[in-house]
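Structure at a glance
Now for the letters of each chain:
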Amino acid sequence: GFFIPPIPRKKTYGKLEFKVISERVFILNRFLDEISKRRYLWDSEEMRIFIIPETNLVAGLKALRPLSIEEVLERIRPEAEMNVKITDELLEDYFIYLKTYKEQVVNNLPFLNRFKTFVVKQ
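Quick caveat, the model's predicted, so the values are computed rather than measured. (Residues numbered from 1 in each chain as written. Predicted model: local features only at pLDDT ≥ 70, side-chain atom pairs only at ≥ 80, totals over all residues. Heavy atoms only, no water.)

**Considerations on the packing of aromatic side chains**
So the rule is basically this: In this analysis, rings of Phe, Tyr and Trp, with Trp reduced to its six-membered ring, are considered paired at centre separations within 6.5 Å, and the interplanar angle assigns stacked below 30 degrees, edge-to-face beyond 60, and tilted for intermediate values. Numbering of helices and strands runs from the N terminus, with a helix taken as a DSSP run of H or I at least four residues long and a strand as a DSSP run of E at least two residues long. Each residue gets one of three labels from its accessible area relative to the maximum for its type: buried under 20%, exposed over 50%, partly exposed in between, using a 1.4 Å probe on protein chains only.
Under the defined criterion, the tally for this structure stands at 2 aromatic pairs. Ring centres of Phe31 and Phe50 lie 5.7 Å apart, and the angle between their planes is 70°; on these two criteria the pair is classed as edge-to-face. Placement of the pair is Phe31 in helix H1 (residues 18–36) and Phe50 in helix H3 (residues 45–51), with a sequence separation of 19 residues. Between Phe111 and Phe115 the ring centres are 6.2 Å apart and the planes differ by 20°, which places this aromatic pair in the stacked class. You can see Phe111 and its partner Phe115 sitting in helix H6 (residues 88–121), 4 residues apart, about one turn around the helix. For Phe111, a relative accessible area of 46% translates into the label partly exposed.

**Side note on the side chain of Arg38**
Operational definition: In the analysis that follows, any N or O atom pair within 3.5 Å is treated as a polar contact, provided that within protein one partner can donate a hydrogen and the other can accept it, and provided that, for residues neighboring in sequence, both atoms belong to side chains.
For Arg38, the position within the fold is in the loop between H1 and helix H2 (39–42). In terms of polar contacts, Arg38 uses its side chain to reach the backbone carbonyl oxygen of Glu34, at 2.6 Å.

**As for a nonpolar patch on the surface**
Stated formally: Put simply, a patch holds well-exposed residues, over 30% relative accessible area, that have no salt bridge, with like charges counted together within 9 Å and Val, Leu, Ile, Met, Phe, Trp or Tyr side chains within 5 Å. Method for areas: the Shrake-Rupley scheme with a 1.4 Å probe, in which residue coverage is limited to the protein chains shown. One speaks of a salt bridge when a side-chain nitrogen belonging to Lys or Arg is within 4 Å of a carboxyl oxygen belonging to Asp or Glu.
On the surface, a nonpolar cluster with roughly 1100 Å² of combined accessible area is contributed by Tyr97, Leu98, Tyr101, Val105, Val106, Leu109, Phe111, Leu112, Phe115, Phe118 and Val119. Inspection of the secondary structure puts Leu109 in helix H6.

This is the structure:
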């Protein structure tokens, strides 16, 4: 699947506090930065409505015509194409990387379990 960055959640309490506003601004900036790296999202009509809503945002998004599967595929095609030629050497490199990663995870499990126990007791 394709990663779609989360949008900051609304706060029902303390929403006018400086800390809450600063946090939401930071998360919104990160959201927009991540979206801008994904042309299929940044150039979309949905994003245009989100950034410059001409009416109510929800109403504007609901008014959009649902895309067909073909339209969605056409939109994401440039992001989905692979420019890497898969060779036996590349597969072997990935296999070694995954084996090493698995060993590291297995080696760290005792520590993580102790840490989990510690956190739960707090």
